[in-house]
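This is what each chain is made of:
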Amino acid sequence: MSLLMRQQPRLLCLLCQSRAFSTSYRRLAAQPAKSTPKPAPAAAANAATTKAVPPAPKAVPPSPLADAPRSYGKRVEDFTPTPLSRPIGLPYPPEAGQNTGIDLRTLKQRRDDFVNYDKHLERRENLKKKISRPYFRDWGNLKFHKGKTFIAPPRLFKGELSLFFPNLYGRTLVKTDKEPRDTTPVLRGRVSVVSVFSSMWAENQCKTFVSRESNPAVGQIIAGSAGRAQHVRINIEEDPLKAFLVKLWMGSLRRQVGGEENYGRYFLVRKGVSDEIREGVGLLNSKVGYTYLLDPHCRIRWAGSGPSEDHEREGLAKGLQRLLLEHEANSKKQ
């Protein structure tokens with residue numbers, strides 16, 4: 001009797017288990033999963049059209065100045081300049097306020113950057129690059145064809161393929177305004193011959209392209225353009241002592257540039273010219289003068305470096321005349 005009573009709970013448990021068994025789960029699992037209805041072709045087309053597609057970035061070809069001598073990197077033992085085969089410049093259009101060299105960070109942002117280890121490594125790399133640059137490398141590179149980095153192209157670059165001249169920030173020769181200005185508002189809307197230099201040697205090289213004695217045709221075309229063409233000078237002096245000496249001689253500079261209408265077309269730039277800008281527009285030697293021909297959209301359509309040659313002076317005058325005709329035709333269409 002006691003043995004029967006001991007086995008009774010086991011029998012009850014088995015009975016309960018048999019009652020709890022059900023095949024409903026198996027039947028539910030055996031049913032096929034309901035497929036989600038496919039959207040109608042019209043709805044799919046509308047969804048595809050409403051989806052924002054980011055524009056493809058503008059492809060920048062390799063620089064045509066890859067083998068040109070620089071103030072940094074490996075020393076070049078032999079170099080012969082060649083004509084520009086591709087446009088030079090930056091891939092994005094310039095805007096006022098860019099490349100000013102002014103630190104606009106707040107105190108909190110400066111503190112966060114100061115304790116950021118990644119930013120510390122970046123600053124250390126920049127300092128290493130500046131320290132490792134040979135001081136007399138630019139002077140040594142003048143032995144290659146008087147520092148000529150490249151030869152001007154035989155014709156203008158196409159507008160849709162041309163790259164942009166950067167915005168720079170500097171003080172002008174205007175007597176009533178001593179605050180620095182942006183170059184983009186002055187360059188935009190006009191055909192511009194831009195001379196970029198950093199020393200008297202470089203300035204004299206730029207004059208071989210545009211001066212009355214060397215290339216009088218350029219001055220005549222600008223004078224007869226009714227304000228649609230201009231000559232802009234950009235003096236880059238990153239050394240504080242040299243910049244101070246240039247400011248002392250601003251009276252002499254005003255007499256050199258001519259009338260008061262040219263005072264706002266001379267810029268003394270002290271900072272903001274980064275290595276990216278120098279590589280983009282070809283400013284590879286600070287002791288060499290560079291001359292650029294820009295259209296009203298600040299695109300570099302033609303460029304020359306160092307002392308000019310006969311065909312370069314002729315090409316600059318023809319390119320300037322052609323850009324004026326192109327600008328006049330576009331103005332009539334608008």
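These remarks concern the structure in this document. Within each chain, residues carry numbers counting from 1 in the order of the written sequence. Given that this is a predicted model, residues contribute local features only at a pLDDT of at least 70 and side-chain atom pairs are listed and counted only at 80 or more, while totals for whole chains, interfaces and linings are drawn from all residues. To obtain the side-chain values, all non-hydrogen atoms of the structure were used and water was disregarded.

Take a side-chain nitrogen of Lys or Arg and a carboxyl oxygen of Asp or Glu: if they are within 4 Å of each other, that pair is a salt bridge. Inspection of the entire model under this criterion finds 15 salt bridges. Here D103 ties to R110 by a salt bridge, and the two come within 3.7 Å at their closest N and O atoms. For the exposure calls, accessible area comes from a 1.4 Å probe over protein chains only, and a residue counts as buried if that area is under 20% of its type's maximum, exposed if over 50%, partly exposed in between. With relative accessibility at 37%, the residue D103 sits in the partly exposed group. We classify R110 as partly exposed; its relative accessible area is 36%. Across the salt bridge formed by R278 and E238, the nearest N and O atoms sit 3.5 Å from each other. Of the two residues, R278 is situated in helix α12 (residues 275-281) and E238 in the loop between β4 (229-236) and α10 (240-248); the sequence distance between them amounts to 40 residues. Each helix corresponds to a stretch of at least 4 residues labelled H or I by DSSP, and each strand to a stretch of at least 2 residues labelled E; elements are numbered beginning at the N terminus.

Neither face of strand β5 (residues 266-269) is exposed, since Y266 and L268 on one face and F267 and V269 on the opposite face are all buried. In terms of strand pairing, strand β1 (residues 169-171) meets β5 through 2 bridges, oriented antiparallel. Directly across from G170, in β5, lies its bridge partner V269. We call two strands paired when DSSP finds no fewer than two bridges between them. Here β4 runs beside β5; their pairing, made up of 4 bridges, is parallel. Across the sheet, R233 pairs through a bridge with Y266, a residue of β5.

Residues enter patches when they are more than 30% accessible in relative terms and free of salt bridges; like-charged ones are connected within 9 Å and nonpolar ones (Val, Leu, Ile, Met, Phe, Trp, Tyr) within 5 Å. Using a 1.4 Å probe, the Shrake-Rupley method yields the accessible areas, and only the shown protein chains count as cover for residues. Residues L241, F244, L245, L248 and W249 make up a contiguous nonpolar surface patch of about 590 Å² in total accessible area. Checked against the element boundaries, L248 lands in helix α10. Overall, L248 belongs to the exposed group, its relative accessible area being 55%.

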